[in-house]
Amino acid sequence: MAERPEDLNLPNAVITRIIKEALPDGVNISKEARSAISRAASVFVLYATSCANNFAMKGKRKTLNASDVLSAMEEMEFQRFITPLKEALEAYRREQKGKKEASEQKKKDKDKKTDSEEQDRSRDEDNEEDEERLEEEEQNEEEDVDN
Amino acid sequence: MADVAVGKDKCGEQRLVSLPLSRIRVIMKSSPEVSSINQEALVLTAKATELFVQYLATYSYRHGSGKEKKALTYNDLANTAEESDTFQFLADILPKKILASKYLKMLKEKKEEDEDDEGSDDDEAES
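Going along each chain's sequence as written, the residues are numbered from 1 onward. Ligands are numbered from 1 and chains lettered from A, in the order in which they are written. Reporting in this predicted model follows two pLDDT cut-offs: at least 70 for local features of residues, and 80 or more for side-chain atom pairs to be given and counted; totals over whole chains, interfaces and linings ignore these cut-offs and use all residues. Hydrogens and water molecules were not included; the side-chain quantities draw on all heavy atoms of the structure.

Asker: Explain the overall build of chain A to me, please; I cannot follow it from the model alone.
Answerer: A run of DSSP states H or I qualifies as a helix once it reaches four residues; a run of E qualifies as a strand once it reaches two. Both are numbered from the N-terminal end. A tally of helices and strands in chain A yields five helices and two strands. Ordered by position in the sequence, the α and β elements of chain A form the string α-β-α-β-α-α-α. Here chain A holds 147 residues, and 31% of them are scored as buried. The method behind every accessible area is Shrake-Rupley, applied with a 1.4 Å probe, and residues are considered shielded solely by the protein chains displayed. On chain A, roughly 9,700 Å² of surface is accessible, and the fraction owed to carbon and sulfur atoms is 45%. Any residue under 20% of the maximum accessible area for its type is buried, any over 50% is exposed, and the rest in between are partly exposed; the area is computed with a 1.4 Å probe on protein chains only.

Asker: Explanation requested: the interface of chain B and chain A in the structure shown.
Answerer: Interface size is commonly expressed as the accessible area that is lost once the parts come together. In this complex, chain B contributes 54 residues to the contact, which on the side of chain A involves 68 residues. In what follows, salt bridge is the name for a side-chain nitrogen of Lys or Arg lying within 4 Å of a carboxyl oxygen of Asp or Glu. Where chain B packs against chain A, one counts two salt bridges. With a shortest N-O distance of 2.8 Å, Glu-40 of chain B and Arg-93 of chain A are connected by a salt bridge. Looking at the side of chain B that touches chain A, the elements that each hand over two or more residues are α1 (21–29), β1 (36–37), α2 (39–63), β2 (71–72) and α3 (74–83) of chain B. It only takes one pair of heavy atoms within 4.5 Å for two residues to be counted as in contact.

Asker: Just to check I follow, could you spell out the side chain of Thr-45 of chain B for this structure?
Answerer: Looking at the secondary structure, you find Thr-45 of chain B in helix α2. Judged by its relative accessible area of 1%, Thr-45 of chain B falls in the buried class. Leaving out residues up to four positions away in the same chain, Thr-45 of chain B has contacts with Val-45 and Val-69 of chain A together with Ile-24 and Met-28 of chain B.

Asker: Looking at this structure, how should I read the side chain of Thr-49 of chain A?
Answerer: With respect to the helices and strands, the residue Thr-49 of chain A is situated in helix α2 (residues 31–58). The exposure class assigned to Thr-49 of chain A is buried, which follows from its relative accessible area of 1%. Setting aside residues no more than four positions away along its own chain, Thr-49 of chain A makes contact with Leu-64 of chain A together with Met-28 and Val-34 of chain B.

Asker: Is there a simple way to think about the confidence of the model for chain B in this case?
Answerer: Regions with low pLDDT carry predicted coordinates that are not meant to be interpreted in detail. All names here are of chain B. Known as pLDDT, the predictor's confidence for each residue is given on a scale from 0 to 100. On average, residues of chain B score 83 in pLDDT, and 80% of them reach the 70 mark or higher. Within chain B, the lowest mean pLDDT, 49, falls on helix α5 (residues 120–126), and the highest, 97, falls on α2. Every residue in residues 1–13 is under pLDDT 50, and counting partners more than four places away or in other chains gives 28 contacts. Two numbers describe this predicted complex: its pTM, 0.73, and its ipTM, 0.74.

Asker: What should I look at first to understand the UniProt feature "domain: Transcription factor CBF/NF-Y/archaeal histone" (unreviewed entry) in chain A in this one?
Answerer: Mapped onto the present numbering, the UniProt feature "domain: Transcription factor CBF/NF-Y/archaeal histone" (unreviewed entry) falls on residues 9–73 of chain A. Its end C-alpha atoms 21 Å apart, residues 9–73 of chain A is made of 72% helix and 6% strand. UniProt positions are given in the numbering used here, feature names are shortened, and annotations may be inferred rather than shown by experiment.

Asker: How do you make sense of the packing of aromatic side chains when you look at a structure like this?
Answerer: By convention here, two paired aromatic rings are described through the distance between centres and the angle between planes. Two rings from Phe, Tyr or Trp (for Trp, the six-membered ring) form a pair when their centres are within 6.5 Å of each other. A pair whose planes differ by under 30 degrees is stacked, one over 60 is edge-to-face, and the rest are tilted. Counting across every chain of the model gives 14 aromatic pairs over all chains. Seen in terms of ring centroids, Phe-44 of chain A and Phe-78 of chain A are 5.6 Å apart; in terms of plane orientation they differ by 75 degrees. Their pairing is edge-to-face. Here Phe-78 of chain A lies in the loop between α3 (66–75) and α4 (82–113) and Phe-44 of chain A lies in helix α2, a separation of 34 residues in the sequence. The residues Phe-44 of chain A and Phe-78 of chain A share a single accessibility class, namely buried. Three or more aromatic residues joined by ring pairs form one cluster here, namely Phe-44, Tyr-47, Phe-78 and Phe-81 of chain A together with Phe-52, Tyr-55, Tyr-59, Phe-87 and Phe-89 of chain B.

Asker: Looking at this model, I keep getting lost on the nonpolar core. Mind explaining?
Answerer: Generally speaking, soluble globular proteins have nonpolar side chains that are buried together. We call a set of buried Ala, Val, Leu, Ile, Met, Phe, Trp, Tyr and Cys residues a nonpolar core when their side-chain atoms join them within 4.5 Å. Core analysis: the biggest nonpolar cluster contains 64 residues, and Ile-37, Met-73, Phe-78 and Phe-81 of chain A together with Phe-52 of chain B have the highest contact counts within it. For this core, the elements supplying multiple residues, two or more each, are α1 (12–22), α2, α3 and α4 of chain A together with α1, α2 and α3 of chain B. No other element matches α2 of chain B, which puts 14 residues into this core. Residues in contact with Phe-78 of chain A, not counting those within four places in the same chain, are Phe-44 and Met-73 of chain A together with Phe-52, Tyr-55, Thr-86, Phe-87 and Phe-89 of chain B.

This is the structure:
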C-alpha cells in the first residue's frame, strides 16, 4: 500500500491550518515545529490503529469499527476526545442518512416524470446513469476499505 | 468518497473532517496486523487525528517557553513529549535537542558508569 515513505505523511497545508486554528492569532509556528507535529500525527494514527485493532481482535472481528476507535482513545488516555468524536460520528451518520434519502427522493421524482415528454425523460436517464456510476465508485471505494 | 469529507464544500460550510481520508487509510493499512477498516472507523480516526493535532499544539504552546514571544517551537513539542504522560509515546520521534558537546560528555559519563559496574545496564534494559 504505502510504497513511498512520504505516503505516510499528512498534507502539510492541512496540518498547518489545523494548528493555526487551534492557537491564538499571530502565534508563529516554526517550520520544524510544523513538521514535528505532522510526524506526531502520523504516529498517532498508527498508535490508534494498533490499539483499535486489539479491541477488534478481542471481539473476534476482522474489521475495525467505530467502537474500536473510541475504546482505543480511552486506552490511550485521550478520553477528552471521546465526546467530540461521538458528536462527529452522529453528524457523519446523519449526513450518510441524508445522502441516502436525497438519492431516494430523486428516484421518486424521476418516476413521477415518466409520463412527461420523451426528450425530458432521456435527459433524466442520462443523469441517473451518472449517479449510478458515482454510486458504483463509492461502493468500490468501500470494498477497497474492507480489503 | 474520500474527497467528500475533505476541506470545505461549495457553500463554504465546514466539513466534518479536513484531513484526507484516503491518506489516513493508507497510514492505517501500513500496519501489518490490520485487515480491514470500516468507513466509520476511518472517519473517526481522521477526526481524532485532527483533535490530536489541536491538543498537541495548544498543550505545547501553553506549557512552552514561547508564550511571551508568541511562538511555538520544536523544543516546546519535545518538552511536551518528555513531560506529559499522555504524549509519552511521541518521545522517540520528538527527541530533545542537545548540544553535540553535551552529548559527547553524556556518552563519556555513561562509559565510565558502565566500567564501574558492568552488566547492571543490561538488567535495567530488561526490567
